[in-house]
Amino acid sequence: MQVKVRYAPSPTGFQHIGGVRTALFNYLYARSQGGKFVLRIEDTDRTRYDAEYERNLYDTLEWLGIEWDEGGSKGGECAPYVQSERFDLYREYAQKLVEKGFAYYCFCDAERLERIRKIQTMNKMPPGYDRECRRLSKEEQEDKLKQGMPYVIRLKVPLEGVTKFRDMIVGEVEWKNADVSPDPILLKSDGFPTYHLANIVDDHLMGITHVMRAQEWLPSTPMHVIMYNAFGWEPPTFCHLPMVMGQDGQKLSKRHGATSCNEFRNSGYLKEAIINYVAMLGCSYEDGRDIYSLKELERLFDVKHLNKASSVFDYKKLDWFNGQYMREKSDEELFTLTWPFIANTLFGGEPKRKSENATKDGTAVVLSPVFLDETNIEPTPEQRKILMQVMPLIKERLHHLNEASDMVRFLFEDIPTLKPEDLIPKKLDATMTKTVLEKARDLLDIAIEKSEDDAFALFKEESEKLKVKVGDFMMPLRIAITGSKISPPLIGSIKILGLSEAIKRIEKAISVF
C-alpha cells in the first residue's frame, strides 16, 4: 500500500506556523515512505473564505519548498481538490447515509434550536441537539418533505456502545458513543456540506491512508470513525500531532509574537531556518545535531520520534537557527537575499505585487500582503560593488535579513546632523568626547592600514592614555562615521566608505561641540 497523506486547510486566514508544521510533517512522512502528499482546499466556510488566503497557502508552501504531488495547479486523478467544486458529491453521499438508515432529515428551525440551547444552558445540561427529528416516522418525514420544509441531514450517532480507533502517537483510543456530539449536521439547509462530511468523503475518495492533523481534532475522530463505519469504509490511520504552545503554556497566538508565515518572511527569516526549526517542534531526528536540510529531514523523519507532549515555540531558538543559516551563506547568496530589503528601504524599490484571476469569476485582483523579500529594481554596478564588499562584515552581526538596510545605510546616505547628546557616552562629558573624536581622527590614517583587531588595540591604547574606557572611546567614533551605535566592523566599514569621507564625518561631528 502506498502512503498517501494530505494537508487540507481552510483558507480563512494567512498560513499560521502551526498549519505550516502540519503541512511539513505530512510532507516529510510522505517523502520518508515514498508516498504522495496531497494539497486540498476545504473552503466550506464561505463566510470567512477569501481568495487572498487561498493564494497565500500556495505562496507559503512554494516559498518553503514544500512540494505537493496532487492538488492546486498540479491537479491529479482525484480532481477537483477544492471542496466548493465537489458539492454534488457530498449531497450524493449524505443521501446514501439517509437511505442506509445512518442519517436522517431534521426539520428543526433556528428558533427551536435556540430555545433548546437556552434550556440546556439554564439547566447546566450538556450542549447539543436533542434528536427530536430522529424520532419522526418515515411517513412524517415524507410529509414534511412534500410540504417543502427546509431541512438538514444529521448523522445518527449510536446511542450506546463505544467507538475505538488507534492513533500513531496516542495509541489505542476508546470513546463512549454517549459522549460523541449528538447527531451532528452533515449537510446544511443550503446544500453546503459541513466540514465533517466533506472531510470524510474526500479522504476516502482520494485514497488517503494516513490522516496527520493537530491534536485539537482528536475529540472529533470518534464521530469520523462512526461515519466511516456507516459508509462501510475502512478508516485511515490517524496521527494527532501535539499542539504548539507559547512560552506561557497557552496555544500559540498573536499575543506571543509573529505567528503567520508572512510575518516571519517579511521580518527577514530564511525559509531554511523556519523549516529546520518547525520540523523539530515535537520531533527528534539524530542525536547531537540541530541543523538539517529539507532533504535530510525527508530521509530521517520517523513517526516514532514524535512526542506526545505539546511543544513550546521559542522565538530565540528560531533566531539562533536563522543566524546559523545566514552565516552559512556565501557573500553572493547573502547579497541576493538582502538586496530586496535594502532596495525597498534605501533606493525606492517596491515589493512585487502579483495580479491574477484569484476570485474565480474572471476578475483580476491585486493580492496582498506583499512580500518584502521581493523588489522591482535591480542594483546598479556601483551599488552591487559596495554591497558585495560589506557582506562579509555584516554577516556575523545579522539576525534577520531586514536588518541589513540599516547596517549599510551609512555607505549610501549622509549622516544626519548630530547633536552633542547623540555623541556623548554616559560616562564622558562634552569636552572629553570632543577630545576622543580628535584623537581618533588623527589615528585614522594609521588604523585603516591595520586589521580590525590591531586597529582596536591602537584605539584601546589611546583610550587608556586618556583614562577612558575603550567602549566610550569607540562609541562617538562609530556614531560619527555610521550614524548608529550598531554597525559593521568599523575599520572594514571605513575602508569601504573611504578614509577622506570618514575624516570628513568625524570633523563634522567635532564641529557640533
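Residues numbered from 1 in each chain as written. Predicted model: local features only at pLDDT ≥ 70, side-chain atom pairs only at ≥ 80, totals over all residues. Heavy atoms only, no water.

Draft legend 1. How the structure looks around the overall build of the protein chain. Helices and strands together make up the secondary structure of the protein chain, namely 20 helices and 13 strands. Rg of the C-alpha trace for the protein chain: 31 Å, well past the compact-globule value of 24 Å for 513 residues, more than 25% over. With respect to the principal axes defined by its C-alpha atoms, the protein chain has extents near 105 × 50 × 50 Å. Sorting the 513 residues of the protein chain into buried and exposed places 50% on the buried side. Sequence-distant contacts, at least 24 apart, represent 76% of the contacts inside the protein chain between residues at least 6 apart. Accessible surface for the protein chain amounts to roughly 24,700 Å². Of this, 50% is attributable to carbon and sulfur atoms. Averaging the coordinates of the 72 positive side-chain charges in the protein chain and doing the same for the 79 negative ones gives two points 3 Å apart. (Helix = DSSP H or I, 4+ residues; strand = E, 2+ residues; numbered from the N terminus. Rg over C-alpha atoms; globule rule 2.2 N^0.38 Å. Buried < 20%, exposed > 50% of the residue type's maximum accessible area, 1.4 Å probe, protein only. Contact = heavy atoms within 4.5 Å. Areas by Shrake-Rupley, 256 points an atom, 1.4 Å probe, with all protein chains shown as cover. Lys, Arg positive; Asp, Glu negative; His and termini not counted. Charge placed at Lys NZ, Arg CZ, Asp CG, Glu CD.)

Draft legend 2. Quick peek at empty space enclosed by the protein. Using the criterion set out here, one finds two cavities of 30 Å³ or more in the structure. Quantified by volume, the second largest cavity comes out at close to 70 Å³. Forming the walls of the second largest cavity are I415, P416, T417, L418, A480, R505, K508, A509 and V512. By residue number, the principal contributor to the lining of the second largest cavity is helix α20 (residues 499-510), which donates three residues. When grouped by side-chain class, the residues that make up the lining of the second largest cavity number six nonpolar, one polar and two charged. (1 Å grid on protein atoms, 1.4 Å probe; cavity = no way out; pocket = protein on both sides within 12 Å on 5 of 7 lines; lining within 4 Å. Points joined across faces, edges and corners; volume = space filled by probe spheres on them. Nonpolar A, V, L, I, M, F, W, Y, C, P; charged D, E, K, R; others polar.)

Draft legend 3. Here's a closer look at the pattern of salt bridges. Counting across every chain of the model gives 36 salt bridges. The shortest N-O distance in the salt bridge between R265 and D373 comes to 2.8 Å. Placement of R265 in helix α8 (residues 261-266) and of D373 in the loop between β13 (364-366) and α13 (381-395) is noted, with a sequence separation of 108 residues between them. A relative accessible area of 8% places R265 in the buried class. (Salt bridge = Lys/Arg side-chain N within 4 Å of Asp/Glu carboxyl O.)

Draft legend 4. Inspection of the sheet that holds strand β3 (residues 103-106) at higher detail. Judged by pairing direction, the sheet is antiparallel, and its three strands sit side by side in the order β3-β4-β7 without closing on themselves. Edge positions in the open sheet fall to β3 and β7 (185-187), since each of these has one partner strand only. Pairwise comparison of adjacent strand axes, ignoring direction, gives a mean angle of 45 degrees for this sheet. Looking at chain direction, strand β4 (residues 152-155) and β7 are connected through two bridges and run antiparallel. Bridge pairing in β7 links R154 to I185. Sheet strands in contact with helix α3 (residues 87-100) are β3, β4 and β7, and its direction is about 105 degrees off that of β3. (Pairing = 2+ DSSP bridges. Axes fitted to C-alpha atoms, helices over the stretch in contact; angles between N-to-C directions.)

Draft legend 5. Structural view of the layout of surface pockets. Approximately 940 Å³ is the volume attributed to the largest pocket. P9, S10, G19, E216 and W217 are, among the 36 residues lining the largest pocket, the residues nearest its centre. With four residues, helix α1 (residues 17-32) is the largest single contributor of residues to the lining of the largest pocket. For the lining of the largest pocket, the per-class residue count stands at 14 nonpolar, 12 polar and 10 charged. In this structure, the second largest pocket is lined by 18 residues; those nearest its centre are D406, T482, G483, S484 and I486. Listing elements by their share of the lining of the second largest pocket, those giving two or more residues are α14 (404-408) and α18 (470-482). Of the residues contributing to the lining of the second largest pocket, the split by class is seven nonpolar, five polar and six charged.

Draft legend 6. A look at the packing of aromatic side chains. Throughout the structure, instances matching the rule amount to 26 aromatic pairs. The interplanar angle of 80 degrees and the centroid separation of 5.1 Å between the aromatic rings of W320 and F321 together place this pair among those described as edge-to-face. A relative accessible area of 34% places W320 in the partly exposed class. Judged by relative accessible area, F321 falls into the buried class, the value being 1%. Through a chain of ring-to-ring contacts, three or more aromatic side chains come together here, namely F264, Y269, Y277, F313, Y315, W320 and F321. Against the face of W68 rests K74, its NZ or CZ located 5.8 Å from the ring centre. The lysine or arginine in question, K317, covers the ring of W320, its NZ or CZ lying 4.6 Å from the ring centre. (Phe/Tyr/Trp six-rings, centres within 6.5 Å; stacked < 30°, edge-to-face > 60°. Lys NZ or Arg CZ within 6 Å of the ring centre and 35° of its normal.)

Draft legend 7. Inspection of a negative patch on the surface at higher detail. Together, E139, E140, E142 and D143 make up a negatively charged patch on the protein surface. With respect to the helices and strands, the residue D143 is situated in helix α5 (residues 138-146). (Patch = residues over 30% accessible without salt bridge, like charges linked within 9 Å, V, L, I, M, F, W, Y side chains within 5 Å.)

Draft legend 8. Structural detail: helix α11 (residues 315-328). In this model α11 runs 20 Å from its N-terminal to its C-terminal C-alpha over 14 residues, within 8% of the 20 Å that 1.5 Å per residue would give. Taken residue by residue, α11 has Y315, L318, F321, N322, G323, Y325 and M326 as its buried positions. Those residues of α11 that are buried lie in contact with α8, α9 (271-279) and α13. By the N-cap criterion, in which a side-chain oxygen at the helix start approaches the backbone nitrogen of a residue two or three places on, α11 is capped by D314, the distance to K316 being 3.0 Å. (Expected span 1.5 Å × (residues − 1). Polar contact = N/O pair within 3.5 Å; in protein donor to acceptor, adjacent residues only side chain to side chain.)

Draft legend 9. The packing of helix α6 (residues 195-205) against helix α7 (residues 221-231), seen in detail. At a minimum axis separation of 10 Å, α6 and α7 run at an interaxial angle of 55 degrees. By the angle class used here, α6 and α7 are oblique. Crossing geometry of α6 relative to α7 is assigned as right-handed. On α7, the residues touching Y195, H196, L197, N199, I200, V201, D203 and H204 of α6 are M223, H224, M227, Y228 and F231. Of the residues assigned to the contact of α6 with α7, the class counts are eight nonpolar, four polar and one charged. (Parallel < 35°, antiparallel > 145°, perpendicular 65-115°, else oblique. Left-handed = near helix turned anticlockwise from the far one by under 90°.)

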